[in-house]
Amino acid sequence: MDSRSVWQAMTRPGFSLSWWPWRSAAYLVSGAVTGSFVLVLIVLLAVAGGALAIVLVGLPLLAALALAGLPVARVERFRLRLVDPGPAPDPHREPVLPGLRPWLAVRLRERATWRELGYALLFAGLLWPVDALVVAVALFFPVSMVATPVLMATVGDGQEAKVLKQWTVTDWPTAFGVSLLGLVLLALGAYALGVAAGARAGLTRLLITPRDVELGERVVELARSRVRLVDAFEAERRRIERDLHDGAQQRLVALSVTLGLARLDAPPGPLADQLAKAQEQAGSALAELRELIHGIHPQVLADYGLQAAVADAADRTAVPVDVTFDMPGRLPRAVESAAYFVVCEALANVDRHSGASRAEVGGGHGDGRLFVTVRDDGRGGADAGGGSGLTGLADRVSVLDGRLSLSSPPGGPTLLRVEIPCEWSQLTDRAHRSA
Amino acid sequence: MESVDGSGPSLRIALAEDSVLLREGLIGLLTRVGHEVVAAVGDAQALLAAVAEQEPDIVVTDVRMPPGFQDEGLQAAVRLRAARPALPVLVLSQYVQRAYAAELLDSGDGTGIGYLLKDRVGQVEEFVDALRRVADGGTVVDPEVVRQLLRRRRDPLERLTPREREVLALMAEGRSNGSIARELVVSEAAVGKHIGGILAKLDLPPADETHRRVLAVLAFLRA
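Residues numbered from 1 in each chain as written. Chains lettered and ligands numbered in written order. Predicted model: local features only at pLDDT ≥ 70, side-chain atom pairs only at ≥ 80, totals over all residues. Heavy atoms only, no water.

Engineer: Account for the overall build of chain B, with residues named and values stated.
Structural biologist: Secondary structure summary: chain B contains 10 helices and 6 strands in total. Looking at the 223 residues of chain B, the share that counts as buried comes to 59%. Residue pairs in contact within chain B that sit at least 24 positions apart in sequence constitute 68% of those at least 6 positions apart. (Helix = DSSP H or I, 4+ residues; strand = E, 2+ residues; numbered from the N terminus. Buried < 20%, exposed > 50% of the residue type's maximum accessible area, 1.4 Å probe, protein only. Contact = heavy atoms within 4.5 Å.)

Shown next as C-alpha cells:
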C-alpha cells in the first residue's frame, strides 16, 4: 500500500479494496465542493466589481479577481496530496522588498499568476461539475444499486424499490441481482474514480506547479541578481572613493597648508623644525591616502575611460610597458572597471613575480566585444587559481558574460586575455586626445 | 604693489575650490604672500563667470568640482584658455595623471600652464614660486607626473641620452636654463647644448625658443 500515486496504485492488485479509491473519491468530492465555492466567489467578484467599476470602488474588486487564482491554486496544491503526494512547489517568487506594492508588482508580472487565474476559471466553469459527475456515476449510482434490497426492506415495505429513481423492482431476486450488479459496478467505479482523480491531479499539476521554463527564469533572475550585486559593489567603491576624496583628503591638504603658513611665521629653531616634521608627516599621509583612493577607484577611469586609465597604470609599473590601445570611445562603466582592474592586477603580477624586462598591454573593440591582452617576457608559470588575485577578477569578468584566459607555460611568456561582450556607450574624440 | 615673494608685482587671482576649508586656507596663504584673491568660488560655472567679470592675472582651480564631481575644473580651465589663450591657469589636482596635464597643455599654445598636485600647496615657497612662473608664461608640470613618466622608456624619448632626459624632465617642471644648470651641477651653456639636442631629436624645427620648449614637454607627456 505504499504506492506513490493513484496511477501506480491502479497497476497493483487489490486496488479496489485499498484506500486509494476512497482517496480518489475524497479528492473529487472536495474538488466539487471547492469548485462550486470558487464559482460563486468569481461570479460575485465579477458582478460586484463590474457594477461598481463606474464609481471606481469596483476596480480593487476586479484587481482581486485577477489574483483569485493565487488562493485557489494554493488550496489545489494542498488537495493534490490526496492522490499525488509528490512535491508540488509554489511557482511564485518571493518579492525582494516588503510591502503590498512590490508584492503586487512581482505577482502581476509572473506568468504563473495568470496561469493560476486560468486554472481557477477552468475549475469554476468546467472541472468541478465533471468531478461531481464522476463521483455520482462511479460511486453513488453503484452504491445506491447495492442498497436496493435495503431500500426494498425499509422504504418499500418489502414490495418495491426504485433503482436509481428509474426502474421499479418488485421482487427480491431482482433486487439482489441489482445489488450484485451494483457491487460489480462499484469495483469498476473504483477504477473510474482512480482514473478521473489521476487525470485531474495531472492536469492540476501541469497548470499550477513550476515548469522548466520557470526554472530557466529563475536562473536568469539569479544571474541578474549577481549583476546587481556587482553594480552595487561598484557603486559602493565610488562612494568610498568620493567620501575619502572630498573628506579626509581635503582636510589633510588644508592641514598641510596651515602648517606651511605657520612655518613661514615661525622663527628658526625647534618650533620650525617640529612644524616641518609635522608637515612632512601630513605629506606622507596624503601620499598614502592618494594611493589608497587610486586603488579603490581611479578618477582618471571615470573622466577619460579605459585607455587613459590603462596608460596611467602602465606609468605606475616598474617594468617598462608598451601600451597599444585603440578605443575611440567609452564603454559601459562596469566593463571599463572590470577590464581596468584585470590589467592592474596583471601588471602588479608582472612587477612582483614575472621577472620580466618588458610587458605589453594591447586592447581594442571588435565584433561587439572588448578584448584586452597583457603579455610579458617573464619566466611564466603563473596560475589564475593560485591566489594570484586574478580569481576574483575572473569572477567579475564572468558576471559580465566575459572570459578571462591565461597562458603561462614554465619559462614564459605569459599571456593574459580578457574578452567582454559590450557596445560603445558613447564615442568621443577625447579618449584619443588624452592618450 | 610688490608681493612679499619679491619676484614681481602682486597678482590678482581667481580661485576655484569646492572644499571650504581648503579654499580659506588658500586665500590665507595667497594673501599672506601679498597676492590678491579677487574671486573665490566653489564650482566651475561660477569660475567662468568670475573670470569674465574680474579679468584676473591668473586662475587657480581644482579639477574635481560640483555638480558632477568629475573633471569640471579642468574643463573650465580648457574653456577659459580657448577664449583667452594667454590667460595663465594653474590647476591643482588630487591625482597625478598625464591625461589631465596633456589635455591642459593642449589648450592655448601651452604656455602659462601649471598642473600641480595639491600636496605641493603646503610647501608654501615652492608653490608660490610655481604660481609666479605660470603667471609669467611658464609651463609647470608636477614632479610626480614627471617622475612616473621617466620610469618608462618609449619612443620618441628613446633617442635621448639619459642626461638629455633629465634636462627634459626639469624643463617639464618649468625650470629655467639657469635653474637646470644648478640642479645638474653643469654650466648653463651645457644645458643650452642639451636642449638643442633634445629639440633636434624630437624634430622640433628652430623657432621661438619658449614655444619649442613647450612642444618638447608635450612630446614628453604624450610619449
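Engineer: Can you break down helix H12 (residues 306–315) of chain A residue by residue, with the values?
Structural biologist: Counted residue by residue, H12 of chain A has 10 buried out of 10 residues, so it is predominantly covered. Listing the buried residues of H12 of chain A in full gives Leu306, Gln307, Ala308, Ala309, Val310, Ala311, Asp312, Ala313, Ala314 and Asp315 of chain A.

Engineer: Outline the pattern of salt bridges, listing residues and values.
Structural biologist: Residue and element names in this part refer to chain A. Counted under the stated rule, the structure contains 29 salt bridges over all chains. Across the pair Glu116 and Arg77 runs a salt bridge whose closest N-O atoms are separated by 3.1 Å. Here Glu116, found in helix H6 (residues 111–146), pairs with Arg77, found in helix H4 (residues 69–79); they are 39 residues apart in sequence, far enough to count as distant. By the burial criterion, Glu116 is buried, and Arg77 matches it. (Salt bridge = Lys/Arg side-chain N within 4 Å of Asp/Glu carboxyl O.)

Engineer: Mind laying out helix H8 (residues 177–184) of chain B, listing which residues take part and the relevant values?
Structural biologist: Along H8 of chain B, the positions that sit buried rather than exposed are Gly178, Ser179, Ile180, Ala181 and Leu184 of chain B. In the segment just after H8 of chain B, Val185 of chain B is the residue with positive phi, at about 55 degrees.

Engineer: Which residues make up a nonpolar patch on the surface, and what values do they have?
Structural biologist: Residues and elements named next belong to chain A. A contiguous nonpolar surface patch, about 400 Å² in accessible area, is contributed by Leu122, Leu126, Val130, Leu203 and Leu206. Where the nonpolar patch is concerned, the elements lending two or more residues are H6 and helix H8 (172–208). Among the secondary structure elements, Leu126 is positioned in helix H6. (Patch = residues over 30% accessible without salt bridge, like charges linked within 9 Å, V, L, I, M, F, W, Y side chains within 5 Å. Areas by Shrake-Rupley, 256 points an atom, 1.4 Å probe, with all protein chains shown as cover.)

Engineer: Any details on the sheet that holds strand E8 (residues 414–421) of chain A? Residues and values, ideally.
Structural biologist: Residues and elements named next belong to chain A. Strand order in the open sheet made by the 5 strands is E3-E5-E6-E8-E7, with mixed pairing throughout. Of all the strands in the sheet, just strand E3 (321–325) and strand E7 (403–407) have a single pairing partner and so form its edges. Sheet twist, expressed as the average angle between the axes of neighbouring strands with direction ignored, equals 10 degrees. With 5 bridges connecting them, E3 and strand E5 (residues 359–366) associate as parallel partners. Pairing of Asp322 across the sheet is with Glu360, part of E5. Contacts from helix H13 (residues 333–354) reach E3, E5, strand E6 (369–376), E7 and E8, with the element oriented near 5 degrees to E6. (Pairing = 2+ DSSP bridges. Axes fitted to C-alpha atoms, helices over the stretch in contact; angles between N-to-C directions.)

Engineer: Now, about the confidence of the model for chain B: what can you tell me, with residues and values included?
Structural biologist: Residues and elements named next belong to chain B. The predicted model of chain B averages 85 in pLDDT, with 90% of residues at 70 or higher. Taken element by element, the predicted model of chain B shows its lowest mean pLDDT in helix H10 (residues 209–222) (72) and its highest in strand E1 (residues 12–16) (96). Quick note on the complex model: pTM equals 0.62, ipTM equals 0.78. (pLDDT = per-residue confidence, 0-100.)

Engineer: Please provide a residue-by-residue account of the pairing of E7 of chain A, values included.
Structural biologist: As judged from the 5 bridges shared by E7 of chain A and E8 of chain A, these two strands associate in the antiparallel manner. From the neighbouring strand, Ser405 of chain A faces E8 of chain A, where its bridge partner is Arg417 of chain A.

Engineer: Got a sec to walk through the packing of aromatic side chains? Specific residues and values, please.
Structural biologist: Tallying each qualifying case throughout the model produces 6 aromatic pairs over all chains. Put simply, the rings of Tyr304 of chain A together with Tyr100 and Tyr115 of chain B pair up and form one aromatic cluster. Stacked on the ring of Trp20 of chain A, the Lys or Arg Arg23 of chain A has its end atom at 4.3 Å from the ring centre. Between the NZ or CZ atom of Arg79 of chain A and the centre of the ring of Tyr27 of chain A, over which it lies, the distance is 4.5 Å. (Phe/Tyr/Trp six-rings, centres within 6.5 Å; stacked < 30°, edge-to-face > 60°. Lys NZ or Arg CZ within 6 Å of the ring centre and 35° of its normal.)

Engineer: Let's hear about the interface of chain A and chain B: which residues, and what values?
Structural biologist: Interface size is often expressed as the accessible area that is lost when the parts come together. Taken together, the contact pairs 42 residues of chain A with 39 residues of chain B. Where chain A abuts chain B, roughly 3,600 Å² becomes buried across the two surfaces, and 47% of that area is made up of carbon and sulfur atoms. Counting every contact that joins chain A to chain B gives 3 salt bridges. Here Glu241 of chain A and Arg64 of chain B are joined by a salt bridge, their closest N and O atoms 3.2 Å apart. Viewed at the interface, chain B and chain A are joined by 8 residue pairs in polar contact (both at pLDDT 80 or more). Secondary structure elements with two or more residues in the side of chain A that touches chain B: helix H9 (212–265), helix H10 (270–296), helix H11 (299–304), H12, E3 and helix H15 (430–434) of chain A. Top contributing element to the side of chain A that touches chain B by residue count: H9 of chain A, with 16 residues. In terms of residue class, the side of chain A that touches chain B is made up of 16 nonpolar, 11 polar and 15 charged. (Buried area = accessible area lost by both parts, 1.4 Å probe. Polar contact = N/O pair within 3.5 Å; in protein donor to acceptor, adjacent residues only side chain to side chain. Nonpolar A, V, L, I, M, F, W, Y, C, P; charged D, E, K, R; others polar.)

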